[in-house]
Amino acid sequence: MNSANVIEIEEPETVETTSGCEVRMPAGLLGFEQIKNFLLIANPAEAPFRWLQVKDNPSLAFVVIEPFFFMPDYSPDIPQQDVNFLGLSSPDDAAVFNIVTVHNSKGATVNLKGPVVINRNTGVGKQVVIANAAQYSVQHPLPVNEAA
Amino acid sequence: MLILSRKTGESIVIDGRIHVKVVRVEGEAVKIGIEAPSEVPVHRREVYEEIQRSNQQALTRQNTALPKLPSPKPVKPARKGSKVP
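Engineer: What is the right way to look at a nonpolar patch on the surface in this model?
Structural biologist: A cluster of nonpolar side chains, namely V25(B), V30(B), I32(B), I34(B) and V42(B), defines an oily patch on the protein surface of about 410 Å² accessible area. The residue V30(B) is located in strand 3 (residues 29-35) in this model.

Next comes the structure, spelled out in C-alpha cells:
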C-alpha cells in the first residue's frame, strides 16, 4: 500500500495526491507554533476529509477538508503579508483547507476563520487569519448524514 | 507585563528584530504598526485565542471515526476562492 510513502513536492504537483505529501509550516499552527512539519494524507475511503498529520508524532493529526465541498462560495480574504509569505503568484497556487473538529461520529464543525493555505508548488503552508474572519464562524457546522 | 509609554510615531523593539510603532491615536483606538520577520506570526489576541482553542479541540488521533458527508461531490469554483489582491 502507498499509505506509508511520502511524496516530496519537488516538481510542480498538486496537493491532491492519493497518499501523503509533505507540508512545511514555518509558523506552525495557532497554539502549536513549534510543530512545523506535517504530512497531508488522503485516504480515499474518508474523502473529502483528509489528515494533516504531525510528521514527528504520527499519532497526532488534524482532520481537514476543502471548504468548497460544502460552501462553494467560501471567499477567504488572504492578507497580502500571507500571500507574500507563501509566495502565491495567483489564486491557483493556493490549496485551501479548513480544520475540522469532530465532536462525535455524527457531528463536526469546521474553522472558517483560520484556513490552512498551502502553496501547491512549494508545499509551504500557513494557518492564515483571513481579513474577513468576522464574516465566518470558527465552528461552522458540517452537514453530515444522520444515518452514518 | 512590561509597560512603556509611547507617543504617536514612537516605537518599541522586541528581541532586536520586531518593531512595534504607534502609528496613530484616534480617540480610544490606537493604530499599531508591526515589522517582524515573516516567520513570526502576529495576530489580534482575541482572534488568536479563538483559533488556538479551536485548534486544540480539533487535534485528534488518526483512528478517529469521521462522520459521513452527503455525497462529497466537489463543487470547484473557477477560482480557488482565495482572493489574491
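Engineer: Even after reading the chapter, I still don't get the side chain of D82(A), so can you show me in this structure?
Structural biologist: Checked against the element boundaries, D82(A) lands in helix 1 (residues 80-86). Leaving out residues up to four positions away in the same chain, D82(A) has contacts with K126(A) and V128(A).

Engineer: What's the story with the interface of chain A and chain B in this structure? I'm lost.
Structural biologist: One frequently used descriptor of interface size is the decrease in accessible area upon assembly of the parts. Facing 59 residues of chain A, the contacting portion of chain B comprises 38 residues. With both chains or domains summed, chain A and chain B bury close to 4500 Å², and 65% of this area falls on carbon and sulfur atoms. Our count for the chain A to chain B interface comes out at 0 salt bridges. Counting every contact that joins chain A to chain B gives 5 residue pairs in polar contact (both at pLDDT 80 or more). Elements supplying a minimum of two residues to the side of chain A that touches chain B: strand 4 (49-54), strand 5 (60-65), helix 1 and strand 6 (94-104) of chain A. For the side of chain A that touches chain B, a count of residues per class yields 38 nonpolar, 13 polar and 8 charged. Alignment of strand 5 of chain A against strand 4 (residues 60-61) of chain B, held across 2 bridges, turns out to be antiparallel.

Engineer: I tried to follow the nonpolar core on my own but got confused; where do I start?
Structural biologist: Nonpolar side chains tend toward joint burial in soluble globular proteins. Counting residues in hydrophobic clusters, the biggest one holds 39 residues, and the most contacted among them are F49(A), Y74(A), V100(A), V117(A) and L142(A). Those elements giving two or more residues to this core turn out to be strand 3 (37-41), strand 4, strand 5, helix 1, strand 6 and strand 7 (107-110) of chain A together with helix 1 (45-58) of chain B. Element by element, the count of residues in this core is highest for strand 6 of chain A, at 4 residues. Setting aside chain neighbours within four positions, we find V100(A) in contact with F49(A), V63(A), V64(A), I65(A), A108(A), T109(A), V110(A), L142(A) and A58(B). Among the nonpolar cores identified, the runner-up in size contains 18 residues, and L52(A), L60(A), V116(A) and A58(B) belong to it.

Engineer: I would appreciate a short explanation of helix 1 of chain B in the present structure.
Structural biologist: Structural remark: α-helix, 3.6 residues per turn; residues separated by three or four positions point the same way. Its 14 residues place the ends of helix 1 of chain B 20 Å apart at the C-alpha level, agreeing with the 20 Å of an ideal helix rising 1.5 Å per residue. Residues of helix 1 of chain B that are buried: V47(B), Y48(B), I51(B), S54(B), N55(B) and A58(B). Buried residues of helix 1 of chain B fall within an arc of 130 degrees about the axis and therefore sit on the same side. Of the exposed residues in helix 1 of chain B, the ones pointing more than 90 degrees away from its buried face are R45(B), E46(B) and R53(B). Where helix 1 of chain B is buried, its residues meet strand 5, strand 6 and strand 9 (125-127) of chain A together with strand 4 of chain B.

Engineer: Honestly, the pattern of salt bridges in this entry has me stumped. Any pointers?
Structural biologist: Pairing between side chains becomes possible if they bear opposite charge and their charged atoms approach one another. Residues and elements named next belong to chain B. For the structure on display, the rule yields 7 salt bridges over all chains. Residue R17 pairs with D15 through a salt bridge whose shortest N-O separation is 2.8 Å. The exposure class assigned to D15 is exposed, which follows from its relative accessible area of 60%. The shortest N-O distance in the salt bridge between R45 and E49 comes to 2.8 Å. Of this pair, R45 and E49 both sit in helix 1, 4 residues apart, which is roughly one turn of the helix. Residue class for E49 comes out partly exposed when judged on its relative accessible area of 28%.

Engineer: Could you clarify how one ought to interpret the packing of aromatic side chains in this entry?
Structural biologist: The description of an aromatic ring pair uses the distance of the two centres, along with the angle that the planes make with each other. Residue and element names in this part refer to chain A. Scanning the model with the defined rule gives 2 aromatic pairs over all chains in all. The interplanar angle of 75 degrees and the centroid separation of 4.9 Å between the aromatic rings of Y74 and Y136 together place this pair among those described as edge-to-face. Residue Y74 is located in the loop between strand 5 and helix 1, and its partner Y136 is located in the loop between strand 9 and strand 10 (140-141); the two are separated by 62 residues in the primary sequence. Of the two residues examined, Y74 and Y136, each falls in the buried class. The ring of F85 carries the charged tip of K126 above its face, separated from the ring centre by 5.7 Å.

Engineer: Sorry, what's going on with unusual backbone geometry here?
Structural biologist: What you tend to see is this: most non-glycine residues have negative phi, and most peptide bonds are trans. Between A47(A) and P48(A) the backbone carries a cis peptide bond, its omega angle lying at 5 degrees. Locating P48(A) in the fold gives a position in the loop between strand 3 and strand 4. Notably, D15(B) is not glycine yet its phi reads approximately 55 degrees, a positive angle. Looking at where D15(B) falls in the secondary structure, it is placed in the loop between strand 1 (11-14) and strand 2 (18-26).

What counts, and at which threshold
Residues numbered from 1 in each chain as written. Chains lettered and ligands numbered in written order. Predicted model: local features only at pLDDT ≥ 70, side-chain atom pairs only at ≥ 80, totals over all residues. Heavy atoms only, no water. Patch = residues over 30% accessible without salt bridge, like charges linked within 9 Å, V, L, I, M, F, W, Y side chains within 5 Å. Areas by Shrake-Rupley, 256 points an atom, 1.4 Å probe, with all protein chains shown as cover. Salt bridge = Lys/Arg side-chain N within 4 Å of Asp/Glu carboxyl O. Helix = DSSP H or I, 4+ residues; strand = E, 2+ residues; numbered from the N terminus. Contact = heavy atoms within 4.5 Å. Buried area = accessible area lost by both parts, 1.4 Å probe. Polar contact = N/O pair within 3.5 Å; in protein donor to acceptor, adjacent residues only side chain to side chain. Nonpolar A, V, L, I, M, F, W, Y, C, P; charged D, E, K, R; others polar. Pairing = 2+ DSSP bridges. Core = buried A, V, L, I, M, F, W, Y, C linked by side-chain atoms within 4.5 Å. Buried < 20%, exposed > 50% of the residue type's maximum accessible area, 1.4 Å probe, protein only. Expected span 1.5 Å × (residues − 1). Arc of directions from axis to C-beta. Phe/Tyr/Trp six-rings, centres within 6.5 Å; stacked < 30°, edge-to-face > 60°. Lys NZ or Arg CZ within 6 Å of the ring centre and 35° of its normal.

By themselves, these are just geometric observations and shouldn't be taken as functional.
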